[in-house]
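Descriptive structure summary
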Amino acid sequence: NDEVLRTQLDQLQPAVVLFRACTLPELSNVRVDFRSGALKALTHLLGRGYEHIIPIEPFTGDPAVGEFFAALDRAVDDTGCRERLGKVVAAGTDRQRTALIASVQRSKRRTAILCPEDNVSTFMHAGLRQAGLTLPDQVGLLSVMGTDVATAAGITCLRYDFRELGRLAVEALQSPVPVRHTLDPQWVAGTTT
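Residues numbered from 1 in each chain as written. Predicted model: local features only at pLDDT ≥ 70, side-chain atom pairs only at ≥ 80, totals over all residues. Heavy atoms only, no water.

**Details of the sheet that holds strand E8 (residues 180-183)**
The condition is simple: DSSP bridges decide pairing: two strands pair if at least two such bridges lie between them. Helix and strand definitions follow DSSP, with helices as H or I runs of at least four residues and strands as E runs of at least two, each counted in order from the N terminus. The axes used here are C-alpha line fits, helices contributing only the stretch in contact, and every angle between their N-to-C directions lies in the interval 0 to 180 degrees.
With parallel pairing, 3 strands are arranged side by side in an open sheet as E1-E2-E8. One side of each edge strand has no neighbouring strand; the edge strands of this open sheet are strand E1 (16-19) and E8. When strand polarity is set aside, the average angle formed by the axes of neighbouring strands in this sheet is 5°. Pairing geometry for E1 and strand E2 (residues 28-32), over 4 bridges, is parallel. Of the residues in E2, the one forming a bridge with Phe19 is Arg31.

Structure (structure tokens):
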């Protein structure tokens, strides 16, 4: 996180923080627009008729995951659908994912699962199908990262241009002053919503 980076600033010149926002003006930052992503994900799921949206935490302590959840919380307030968003559920282990799937099976509401990480999204996808739940009819799944892992699995996702992130990072390392860039997410329709 930024507080840890702050303690090492003298050794981090030049440096670029990728994917998430960075508040340290001494470092370059090439990040994605989680606010735009959260709004796109939320409005898509609401538009597809999901009555309950469960954000899942793939692992604790990741600043990018926390930033996405904060953006999602603001997007929920902006769209006036607070009652549709469930609390964040841990899903980093097989046991946690199994418990989540069991709760979705018991639910009477059409539910969507929103995951900010593609590997855990693919575990959820396999687990939901193994449990006999039909996607997108009974349950939806949307991943926020959008790497080839998610798109190859047919998971609906927001996709960030990681090649462009890398290109901009290399340029930032060559700049004599720190630079800031923000990339918008692209929508990738899959079979899970």
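Read on for the rest.
**What to know about the pairing of strand E5 (residues 111-115)**
For a regular strand, the rule is simple: side chains alternate between the two faces of the sheet. Here is the rule: Whether a residue is buried, partly exposed or exposed follows from its accessible area with a 1.4 Å probe, protein chains only, as a fraction of its type maximum: under 20%, in between, or over 50%, in that order. Here, the term right-handed applies to a crossover whose path from the first strand over the helix to the second runs clockwise when the strands point away from the viewer.
A large share of E5 lies buried, amounting to 5 of its 5 residues. Of the two faces of E5, the one lined by Thr111, Ile113 and Cys115 and the one lined by Ala112 and Leu114 are each fully buried. The sheet contact formed by strand E3 (residues 52-57) and E5 spans 4 bridges and is parallel. By the bridge assignment, Ile54 is partnered in E5 with Ile113. Where E5 lies against strand E6 (residues 139-143), 5 bridges are found, and the strand directions are parallel. Paired with Ala112 across the two strands is Gly140, which belongs to E6. The parallel pair E5 and E6 is bridged by helix H5 (residues 118-130), and the resulting crossover is right-handed.

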